[in-house]
Every structure is written in structure tokens, then in C-alpha cells.
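Below are the chains, spelled out letter by letter.
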Amino acid sequence: MSENVYIAILLASIATYACRAAGVIFSKKLNVNSNLFNWIECISMGIIISVISKIIFFPEGMLIETSLLNRILAILFLLIIFYISNKNILISLVSSTIFFTLINSMN
């Protein structure tokens, strides 16, 4: 039984590092402005947007105890701070988290 675990770890490690090595080898030949990378970026953004939308409109756990209005206000606050701070993700995330905590503590 324990031998199977070690074999699985070894195979997973080989697969992981083989992909990383291939990335290093082929990185000089890739054009990050190509249509393939634009397509990958669009797919990634779509996945992120769908996950965030699910969290806002169909929350689970502790978030279900907050109101939909508070969640939407926090997202709007995040977007405003994001554009005011020249697209600084850290500042917008921290400030919107504080804002969300404050508006929920008032209720």
C-alpha cells in the first residue's frame, strides 16, 4: 500500500516538473501577444467572473448571513477604489474587505 503512494508521488512529480521544464524550453519561442494567449486570458477571466458571481448571488457558509445589498455595495466599492488607485489590486481588495466588514457590523 505505501509503495503505491510513493509511486504516485513520484509520477506526479515527474509530470509536474516535465511540464515546467517544457515551459522553460519553449518560453523563448512563445509570443504572449498571440491569439492563443488572448484566448487563454479570456477563458481565465470568464472563470474568475463566474466564481465571483456565484459567491455574490449564491453565497455559502458565513457569507449567507450577509445581505445581497451589502455584497453588491462591497463589489461596487472595490471597483471604485480599483480605478481610483490606478488599478492597484491590493489597495482595492483590502479597502473593500474593511468596507464590507464595517457595513455588516452596522446591521
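Since we're looking at a predicted model, the values are computed, not measured.

**Q** Please give an account of the packing of aromatic side chains that cites residues and values.
**A** Inspection of the entire model under this criterion finds two aromatic pairs. Ring geometry for Phe77 versus Phe99: centroids 4.3 Å apart, planes at 15°, classification stacked. In this pair, Phe77 is assigned in helix H3 (residues 68-84) and Phe99 in helix H4 (residues 89-105), connecting sequence segments 22 residues apart.

**Q** Break down the environment of Pro59 for me, with residues and values.
**A** Locating Pro59 in the fold gives a position in the loop between helix H2 (35-57) and H3. On a C-alpha basis, the gap between Pro59 and Arg71 in space is 9.8 Å, while along the polypeptide they are twelve residues apart. If near-sequence neighbours (up to four positions away) are discounted, Pro59 is found in contact with Lys54, Ile64 and Arg71.

**Q** Quick one: what's the story with the pattern of salt bridges, residue by residue and with numbers?
**A** Tallying each qualifying case throughout the model produces one salt bridge. Measuring nitrogen to oxygen at the nearest pair gives 3.2 Å for the salt bridge that ties Glu60 to Lys54. The exposure class of Glu60 is exposed, given its relative accessible area of 59%.

**Q** Residue-level account of the side chain of Thr66, with values.
**A** Summarising the element assignment, Thr66 is placed in the loop between H2 and H3. Since its relative accessible area comes to 16%, Thr66 is described here as buried. When sequence neighbours within four positions are dropped, the list of residues in contact with Thr66 reads Arg71, Phe100 and Asn104.

**Q** Describe in detail the packing of H2 against H3, supporting the description with residues and values.
**A** Following both chains from N to C, one finds H2 and H3 inclined at 145°, their axes separated by 9 Å at the closest point. Taking contact as the criterion, the partners of Ile55, Ile56 and Phe57 in H2 are, on H3, Leu68, Arg71, Ile72 and Ile75. For the contact of H2 with H3, the per-class residue count stands at six nonpolar, no polar and one charged.

**Q** Tell me about a nonpolar patch on the surface, residues and numbers included.
**A** A surface patch of nonpolar side chains, about 930 Å² in accessible area, is lined by Met45, Ile48, Ile49, Ile52, Leu69, Leu73, Ile75, Leu76, Leu79 and Tyr83. At the level of secondary structure, the elements contributing two or more residues to the nonpolar patch comprise H2 and H3. The greatest single-element share of the nonpolar patch, amounting to six residues, is contributed by H3. Within the fold, Leu69 resides in helix H3.

Criteria and thresholds
Residues numbered from 1 in each chain as written. Predicted model: local features only at pLDDT ≥ 70, side-chain atom pairs only at ≥ 80, totals over all residues. Heavy atoms only, no water. Phe/Tyr/Trp six-rings, centres within 6.5 Å; stacked < 30°, edge-to-face > 60°. Helix = DSSP H or I, 4+ residues; strand = E, 2+ residues; numbered from the N terminus. Contact = heavy atoms within 4.5 Å. Salt bridge = Lys/Arg side-chain N within 4 Å of Asp/Glu carboxyl O. Buried < 20%, exposed > 50% of the residue type's maximum accessible area, 1.4 Å probe, protein only. Axes fitted to C-alpha atoms, helices over the stretch in contact; angles between N-to-C directions. Nonpolar A, V, L, I, M, F, W, Y, C, P; charged D, E, K, R; others polar. Patch = residues over 30% accessible without salt bridge, like charges linked within 9 Å, V, L, I, M, F, W, Y side chains within 5 Å. Areas by Shrake-Rupley, 256 points an atom, 1.4 Å probe, with all protein chains shown as cover.

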